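Understanding the architecture of this molecule
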Amino acid sequence: FDLGALLGYGRGAAQPAALAICRGERPLGLALGAVGRHVRVPSADVRAGDAGDSERAHIRAFVRAGDTVRPVIDVGSVVRAIRASGVAPAAATEG
């Protein structure tokens with residue numbers, strides 16, 4: 001599943017930069033159009049998002065890292081929305 005599209009940013013590149021596998025009874029993958037970097041920030045640099053904003057339904061907070069502000073994505077919320085939509089991940093084939 002294209003994470004950017006699920007978050008309302010439009011479809012990503014044909015070849016995602018990375019794939020995040022979400023575990024569960026039926027694992028699924030989230031295609032990431034770009035991969036940033038791992039950062040550690042003080043909790044004071046994390047601001048809660050607006051839970052009532054339907055356009056940002058899966059964004060729970062925002063974090064400032066240097067001069068950049070990034071969303072903090074609730075992956076569990078994304079996975080629950082995919083499951084609730086009735087769209088099942090394609091079954092893996094061996095071969």
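Keep in mind that what you see is a predicted model, and the values were worked out from it rather than measured.

Of all five residues in strand S2 (residues 28–32), four are buried, a share of seventy percent or more. As paired elements, strand S1 (residues 18–22) and S2 share five bridges and run antiparallel to each other. Directly across from Ile21, in S2, lies its bridge partner Gly29. The hairpin turn running from S1 into S2, its antiparallel successor, is five residues long, and Gly24 in that turn takes a positive phi close to 155°.

Within the secondary structure layout, Asp2 lies in the segment before helix H1 (3–6). Taking relative accessible area as the criterion, Asp2 reaches 15% and is therefore assigned buried. A polar contact is formed between the side chain of Asp2 and the backbone nitrogen of Gly4, at a distance of 3.0 Å.

This part covers a nonpolar patch on the surface. On the surface, a cluster of nonpolar side chains totalling about 220 Å² of accessible area is made up of Phe1, Leu6 and Val87. Residue position: Phe1 is located in the segment before H1. The class of Phe1 is partly exposed, set by a relative accessible area of 31%.

What follows covers the sheet that holds strand S5 (residues 68–73). Spatially, three strands are ordered S3-S4-S5 in an open sheet, and the strand pairing comes out antiparallel. Unpaired on one side and paired on the other, strand S3 (46–48) and S5 mark the two borders of the sheet. When strand polarity is set aside, the average angle formed by the axes of neighbouring strands in this sheet is 30°. In the sheet, S3 pairs with strand S4 (residues 59–65) via three bridges, with the strands oriented antiparallel. Bridge pairing in S4 links Arg47 to Phe62.

Rules of the game
- Residues numbered from 1 in each chain as written.
- Predicted model: local features only at pLDDT ≥ 70, side-chain atom pairs only at ≥ 80, totals over all residues.
- Heavy atoms only, no water.
- Buried < 20%, exposed > 50% of the residue type's maximum accessible area, 1.4 Å probe, protein only.
- Helix = DSSP H or I, 4+ residues; strand = E, 2+ residues; numbered from the N terminus.
- Pairing = 2+ DSSP bridges.
- Polar contact = N/O pair within 3.5 Å; in protein donor to acceptor, adjacent residues only side chain to side chain.
- Patch = residues over 30% accessible without salt bridge, like charges linked within 9 Å, V, L, I, M, F, W, Y side chains within 5 Å.
- Areas by Shrake-Rupley, 256 points an atom, 1.4 Å probe, with all protein chains shown as cover.
- Salt bridge = Lys/Arg side-chain N within 4 Å of Asp/Glu carboxyl O.
- Axes fitted to C-alpha atoms, helices over the stretch in contact; angles between N-to-C directions.

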